[in-house]
Amino acid sequence: MRFDIITVLPGLLESPFAHSILQRAQKKGIAEIVVHNLRDYSANKHKTVDDYPYGGGSGMVMMIEPFAACIEKLKSERNYDEVIFMTPDGVTFNQQIANQLSVRENIIILCGHYKGIDQRVRDLYVTREISIGDYVLSGGELPAAVLVDAIVRLIPGVLSDETSALSDSFQGELLDAPVYTRPADWNGHKVPDILLSGNTPEIEKWRFEQSLERTKQRRPDLLSE
Ligand code: ADE
């Protein structure tokens, strides 16, 4: 699976994909993540990618030409299933959308900045607009990293224990049960006895009850359907 991310701040996306699971997925050849500097597609000598908004108002608007040039170039090289624009006014991202996107082949992701991007980019090229939550960040780079991380870990062969993505909170309807590791007693704070018992059916029952209780307390909306 290939991601092409278009941004004015490529440096912001150097680190998120260079560690742990995302790095391993790229080394195994399961995921390819390519970051493009939008300025390289600017037609003018100052490499500008934004301009004043028609009709007045504060803030700059990202221009259509550099986006069009970069997207057209990519599309001439391969077929893309999606062109996703990261924006706070998009559809709120969740596990179901991550699952859907994890079976795509090639995805372009556009990162916005300033006041926004020329509406014609959205009208002509974008197939989906995604928000990562009801808050406004400085740009779409961190949201793009969130999106790619959530998708890549779902691709078969990426996680060493393939069942572990399936048991994540949000894949089922319940949040995960609490987990513990050694020591069994830390300054008098003990691990629940049941987890030391070796009684697998009882441990499973305990985990289910804990999951249910945690979900009731924290996310009753997940149980209300
Ligand atoms: N760009 C700025 N804020 C954002 C958000 N919450 N989600 C996606 N893209 C964004």
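Note that the structure is predicted; figures quoted are calculated from it, not measured. (Residues numbered from 1 in each chain as written. Predicted model: local features only at pLDDT ≥ 70, side-chain atom pairs only at ≥ 80, totals over all residues. Heavy atoms only, no water.)

Caption draft 1: Examining the site of the ligand more closely. In the vicinity of the ligand, the contacting residues are Met86, Thr87, Pro88, Ile130, Ser131, Ile132, Gly133, Tyr135, Val136, Leu137, Gly139 and Pro143. With respect to the ligand, the backbone of Thr87 contributes an N or O atom lying 3.1 Å from a nitrogen atom. At 3.0 Å, a backbone N or O of Leu137 approaches a nitrogen atom of the ligand. For the ligand, whose unbound accessible area comes to 260 Å², protein coverage reaches 97%. Listed by contribution, the elements that provide at least two residues to the shell around the ligand are strand 5 (82–92) and strand 8 (128–131). Here the element with the most residues in the shell around the ligand is strand 5; it accounts for three residues. (Near = heavy atom within 4 Å. Polar contact = N/O pair within 3.5 Å; in protein donor to acceptor, adjacent residues only side chain to side chain. Areas by Shrake-Rupley, 256 points an atom, 1.4 Å probe, with all protein chains shown as cover. Helix = DSSP H or I, 4+ residues; strand = E, 2+ residues; numbered from the N terminus.)

Caption draft 2: Seen up close, the sheet that holds strand 3 (residues 50–51). Taken together, three strands build an open sheet; the order of strands is 3-4-7 and the sheet is mixed. Lying at the two open borders of the sheet, with one neighbouring strand each, are strand 3 and strand 7 (116–117). Of the strand pairs in this sheet, strand 3 and strand 4 (residues 61–62) are connected by two bridges, and their pairing is antiparallel. Each bridged residue has a counterpart across the sheet, and for Asp51 the counterpart in strand 4 is Val61. (Pairing = 2+ DSSP bridges.)

Caption draft 3: Structural context of the sheet that holds strand 5. Strands sit in the order 2-1-6-5-8 across an open sheet of five strands; the sheet is parallel. The open sheet terminates on both sides in strands that have one partner only, identified here as strand 2 (32–37) and strand 8. The sheet shows a mean angle of 30 degrees between the axes of neighbouring strands, taken without regard to direction. Across five bridges, the pairing between strand 1 (residues 2–7) and strand 6 (residues 106–111) is parallel. Across the sheet, the residue bridging to Ile6 is Leu110, located in strand 6. The sheet strands contacting helix 5 (residues 141–152) are strand 1, strand 2, strand 5, strand 6 and strand 8, and the helix crosses strand 1 at an angle near 175 degrees. (Axes fitted to C-alpha atoms, helices over the stretch in contact; angles between N-to-C directions. Contact = heavy atoms within 4.5 Å.)

Caption draft 4: Region of the structure containing the nonpolar core. In this structure, Phe3, Ile5, Ile109, Leu147 and Val152 are the most contacted members of the largest nonpolar core, which totals 33 residues. Elements that contribute at least two residues to this core include exactly strand 1, helix 1 (20–27), strand 5, helix 3 (95–101), strand 6 and helix 5. Among the elements that make up this core, the one with the highest residue count is helix 5 (seven residues). Sequence-distant contacts of Val152, defined by excluding residues within four places in its chain, comprise Phe3, Leu22, Ala25, Ala31 and Val158. Among the nonpolar cores identified, the runner-up in size contains 21 residues, and Ile6, Phe67, Phe85 and Leu110 belong to it. (Core = buried A, V, L, I, M, F, W, Y, C linked by side-chain atoms within 4.5 Å. Buried < 20%, exposed > 50% of the residue type's maximum accessible area, 1.4 Å probe, protein only.)

Caption draft 5: Just the pairing of strand 5, in detail. In this sheet, strand 6 lies alongside strand 5 in parallel orientation, the contact comprising five bridges. Residue pairing across strands places Ile84 opposite Ile109, the latter belonging to strand 6. Crossover connection from strand 5 via helix 3 to parallel strand 6: handedness right-handed. As paired strands, strand 5 and strand 8 are joined by five bridges and run parallel to one another. When the sheet's bridge partners are listed, Met86 is paired in strand 8 with Ile130. (Right-handed = clockwise from strand over helix to strand, strands pointing away.)

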